[in-house]
Amino acid sequence: MFLQIHSQLDSSQNFIITGGAGFIGSNLTLALQEKFPDARLIVIDDFRSGDFKNLAGYRGDFVAQNLANLDWRRQFGDQKFDGIFHLASITDTTNHDQFEQVHDNVESFRHILNFARPTKTRIIYASSAATYGPATEASVESNGAAPANVYAFSKVVMDNIARRAAAESSDWIIVGLRYFNVYGPREAHKGMPASMIYHLSRQIKAGQRPRIFKHGEQKRDFVYVKDIVEGSIRGLDARASGIYNLGSGQARSFNDLVGVLNNCLGTNFEPDYIDNPHAHYQNFTEADLSNARSALGYEPRFPLEDGVRDYMQWLYPG
Ligand SMILES: NC(=O)c1ccc[n+]([C@@H]2O[C@H](COP(=O)([O-])OP(=O)(O)OC[C@H]3O[C@@H](n4cnc5c(N)ncnc54)[C@H](O)[C@@H]3O)[C@@H](O)[C@H]2O)c1
């Protein structure tokens, strides 16, 4: 149903995807290209963490610019867009340069809001579960922001200015998506900040015991990138502005994850438990999906077992 509605509009669609050379952005760009083959796509990325190799098969345009300084009006004149997917961000949460994180992440977003305001262009942007800080049960969007690092703080500020902009007019739809712990194809370029699923699978493939923090009972809402892409595209149909969680809806432990990986990779490694050096560590993340279900019709399709299996087949074919 959802796909049919949009495919009728294909030829008139113009989308911008920021951060499209990155992990989630490249998966989203390639999915948009497949779902709307006649749409005009423009990726904006400065390659600070992304990689052109993620966009193999991409047929659209690419603007290599730093969004923190980009003059949108000069770049695009009065071209109209049907939607701007804003995923670009510094994504290394261990980058503690407070000026750089807040300046680049927030100012990039402010430029987009300013460009989109006169035409009320729809914006779908990536926020983060990191905005919740420590939690012991499923997070709902109304929970107070408790950023534990400056990356999360920059996302909180983005949510704040998005809410204020959306309040200017009910015709201007701004959808914030709080992604939980995303894993899947095209994340290797991230290096250390790539998902634990990627890193643990590499350790297992190298014949090593997977290294996790003592004693593996910390839980995460691990969500497959295909669900995140689907949920993000559903932002095109949202009838009102809002900020929504996108996750799997299920917190799973690292011990569970090692079991799932062993299963998929045909191995039987015991975890190698190591000390946790992080003072501020999220011991529990889980998305409450009630609002994403009702406002976006979002329904994750990949429980951990299925997502990891699909991913491992992509990562280690044959
Ligand atoms: N991966 C996750 O688990 C996760 C969880 C929560 C939120 N997010 C959010 O999702 C979005 C995508 O993350 P990702 O995991 O794909 O990370 P990524 O690092 O692979 O992608 C980010 C992309 O943005 C680009 N970029 C960064 N700053 C830029 C700037 N100023 N100008 C132009 N390009 C810039 C990078 O080069 C990169 O290609 C980010 O906004 C991130 O904060 C991701």
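Residues numbered from 1 in each chain as written. Predicted model: local features only at pLDDT ≥ 70, side-chain atom pairs only at ≥ 80, totals over all residues. Heavy atoms only, no water.

Q: I tried to follow helix H10 (residues 304–315) on my own but got confused; where do I start?
A: One full turn of an α-helix is made of 3.6 residues, so residues set three or four places apart face in the same direction. For H10, with 12 residues, the first-to-last C-alpha span of 16 Å sits near the 16 Å given by 1.5 Å per residue. Those residues of H10 that are buried lie in contact with strand E7 (181–183), helix H6 (196–205), strand E10 (222–224), strand E12 (252–253) and helix H8 (254–265). (Helix = DSSP H or I, 4+ residues; strand = E, 2+ residues; numbered from the N terminus. Expected span 1.5 Å × (residues − 1). Contact = heavy atoms within 4.5 Å.)

Q: Hey, could you run me through unusual backbone geometry in this one?
A: Most peptide bonds are trans, and most residues other than glycine sit at a negative phi. Note that the residue after Lys-214, namely His-215, is joined by a cis bond; omega there is -10°. Considering the arrangement of structural elements, one finds His-215 in the loop between strand E8 (211–213) and strand E9 (219–220). Backbone geometry places Lys-120, a non-glycine residue, at a positive phi of 50°. Among the secondary structure elements, Lys-120 is positioned in the loop between helix H4 (98–116) and strand E5 (123–128). With a phi angle near 70°, Arg-186 is a residue other than glycine that sits in the positive phi range. In this structure, Arg-186 sits in the loop between E7 and H6.

Q: Quick question: what am I supposed to make of the site of the ligand here?
A: In the neighbourhood of the ligand, 31 residues make up the surrounding shell, with Asp-45, Ser-49, Thr-91, Tyr-151 and Lys-190 lying closest. At a separation of 2.8 Å, an oxygen atom of the ligand approaches a polar backbone atom of Phe-23. Between the ligand and the protein, one listed contact pairs an oxygen atom with a side-chain N or O atom of Tyr-151 at 2.6 Å. Taking 820 Å² as the accessible area of the ligand by itself, protein coverage stands at 96%. Looking at the shell around the ligand, the element that brings in the most residues is E5, giving 3 residues. Tallied by class, the residues present in the shell around the ligand amount to 13 nonpolar, 13 polar and 5 charged. (Near = heavy atom within 4 Å. Polar contact = N/O pair within 3.5 Å; in protein donor to acceptor, adjacent residues only side chain to side chain. Areas by Shrake-Rupley, 256 points an atom, 1.4 Å probe, with all protein chains shown as cover. Nonpolar A, V, L, I, M, F, W, Y, C, P; charged D, E, K, R; others polar.)

Q: Whenever I open this one, the layout of surface pockets confuses me. Can you help?
A: In this approach, a probe sized like a water molecule rolls over the atoms, and the result shows the empty space that is left. Computed from the structure, the second largest pocket encloses a volume of approximately 350 Å³. Broken down by secondary-structure element, the contributors of at least two residues to the lining of the second largest pocket are helix H2 (23–35), helix H7 (225–234) and H10. Counting residues per element, the lining of the second largest pocket draws most heavily on H2, at 5 residues. A per-class count over the lining of the second largest pocket returns 7 nonpolar, 1 polar and 7 charged. (1 Å grid on protein atoms, 1.4 Å probe; cavity = no way out; pocket = protein on both sides within 12 Å on 5 of 7 lines; lining within 4 Å. Points joined across faces, edges and corners; volume = space filled by probe spheres on them.)

Q: How do you make sense of the side chain of Glu-230 when you look at a structure like this?
A: The residue Glu-230 is located in helix H7 in this model. Of the polar contacts made by the side chain of Glu-230, one reaches the side chain of Lys-35; its length is 3.0 Å.

Q: How should I be thinking about the pattern of salt bridges in this particular structure?
A: With the rule as written, the count across this model stands at 12 salt bridges. When the shortest N-O distance is used, the salt bridge between Arg-117 and Glu-168 registers 2.8 Å. Taken together, the residues span a long stretch of sequence, with Arg-117 in the loop between H4 and E5 and Glu-168 in the loop between helix H5 (150–166) and strand E6 (174–179) at a distance of 51 residues. Note that Lys-214 is salt-bridged to Asp-275, the shortest N-O span being 2.8 Å. Of this pair, Lys-214 sits in the loop between E8 and E9 while Asp-275 is found in the loop between strand E13 (272–274) and helix H9 (290–296), placing the two residues 61 residues apart along the sequence. You can call Asp-275 exposed: its relative accessible area is 56%. When salt bridges that share partners are traced, they join Lys-35, Glu-230 and Arg-234 into one network. (Salt bridge = Lys/Arg side-chain N within 4 Å of Asp/Glu carboxyl O. Buried < 20%, exposed > 50% of the residue type's maximum accessible area, 1.4 Å probe, protein only.)

Q: Can you walk me through the packing of aromatic side chains in this structure?
A: Any two aromatic rings considered together are summarised by their centre-to-centre distance and by the angle between their planes. Applying the stated criterion across every chain, the model contains 15 aromatic pairs. Summarising the aromatic geometry, the rings of Tyr-132 and Phe-180 are spaced 6.2 Å apart at their centres and angled 35° between planes, so their arrangement reads as tilted. Linking Tyr-132 in the loop between E5 and H5 with Phe-180 in the loop between E6 and E7, this pair joins segments that are 48 residues apart in sequence. Judged on exposure class, the residue Tyr-132 and its partner Phe-180 are both buried. (Phe/Tyr/Trp six-rings, centres within 6.5 Å; stacked < 30°, edge-to-face > 60°.)

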